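Chain by chain, the residues run as shown.
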Amino acid sequence: EFRRVLFRSSKNAKKVKCPALVMQSTKDQLLTPANARVLFQKLGTPEIKKELVWIKDSDHTFIIDIYAEEIFSRIEEFLLNSQKSIKSIKSKIED
């Protein structure tokens with residue numbers, strides 16, 4: 001079942017056009033770093049609007065690990081930057 005979900009995610013990734021942040025632990029025991037690279041490459045999001053972030057010294061549950069505060073700060077930074085980009089594009093369209 002898990003492999004089927006991964007396959008569907010990878011297959012549908014090209015439909016994603018919005019800014020995307022992919023975060024992966026280098027020591028994840030459930031998903032290998034190759035999974036994150038494949039997903040990242042298959043995203044339909046333009047290169048300048050997507051980021052791949054590697055989390056070191058953590059496992060699959062890095063979001064609740066000792067680096068949680070740093071990770072949430074990184075997510076917040078990505079969302080704020082994405083929002084600024086969207087507002088910039090909207091203002092160009094409206095002008």
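Refer to the structure printed above.
Here's a quick rundown of the structure. This structure is a prediction, so every number in the text was calculated from the model and none was measured.

Considering the overall build of the protein
Consideration 1: In terms of helices and strands, the protein carries three helices and two strands.
Consideration 2: The N-to-C order of helical and strand elements in the protein reads α-β-α-β-α.
Consideration 3: When the 95 residues of the protein are sorted by exposure, 24% land in the buried category.
Consideration 4: Residue pairs in contact within the protein that sit at least 24 positions apart in sequence constitute 65% of those at least 6 positions apart.
Consideration 5: Per element, the accessible surface of the protein, about 7200 Å² overall, is 58% carbon and sulfur.

Re the pattern of salt bridges
Consideration 1: Enumeration over the complete set of coordinates arrives at three salt bridges.
Consideration 2: Overlapping salt bridges bring together Glu-51, Arg-74 and Glu-77 as one network.

Brief notes about the pairing of strand β2 (residues 50-55)
For a regular strand, side-chain orientation follows a simple rule: the groups alternate between the two sheet faces.
Consideration 1: Relative to β2, strand β1 (residues 20-25) runs parallel, the two sharing six bridges. Bridge pairing links Val-22 to Leu-52 in β2.
Consideration 2: Handedness of the crossover joining β1 and β2 through helix α2 (residues 33-42) is recorded here as right-handed.

Re the packing of aromatic side chains
Consideration 1: One pass over the full model with this rule turns up zero aromatic pairs.
Consideration 2: A cation over a ring is seen here: Lys-50 above Phe-40, with NZ or CZ 4.6 Å from the ring centre.

Structural notes on the environment of Lys-27
Consideration 1: Assignment of secondary structure puts Lys-27 in the loop between β1 and α2.
Consideration 2: When the C-alpha positions of Lys-27 and Asp-59 are compared, they lie 5.2 Å apart, and in sequence the two are 32 residues distant.
Consideration 3: In this structure Lys-27 touches Asp-57, Ser-58 and Asp-59, once residues within four positions along its chain are discounted.

Remarks on a nonpolar patch on the surface
Consideration 1: A contiguous nonpolar patch, built from Ile-63, Ile-64 and Phe-72 and spanning about 320 Å² of accessible area, is present on the exposed surface.
Consideration 2: With respect to the helices, strands and loops of the structure, Ile-64 is situated in the loop between β2 and α3 (68-94).
Consideration 3: Judged by its relative accessible area of 70%, Ile-64 is exposed.

Parameters and conventions
- Residues numbered from 1 in each chain as written.
- Predicted model: local features only at pLDDT ≥ 70, side-chain atom pairs only at ≥ 80, totals over all residues.
- Heavy atoms only, no water.
- Helix = DSSP H or I, 4+ residues; strand = E, 2+ residues; numbered from the N terminus.
- Buried < 20%, exposed > 50% of the residue type's maximum accessible area, 1.4 Å probe, protein only.
- Contact = heavy atoms within 4.5 Å.
- Areas by Shrake-Rupley, 256 points an atom, 1.4 Å probe, with all protein chains shown as cover.
- Salt bridge = Lys/Arg side-chain N within 4 Å of Asp/Glu carboxyl O.
- Pairing = 2+ DSSP bridges.
- Right-handed = clockwise from strand over helix to strand, strands pointing away.
- Phe/Tyr/Trp six-rings, centres within 6.5 Å; stacked < 30°, edge-to-face > 60°.
- Lys NZ or Arg CZ within 6 Å of the ring centre and 35° of its normal.
- Patch = residues over 30% accessible without salt bridge, like charges linked within 9 Å, V, L, I, M, F, W, Y side chains within 5 Å.

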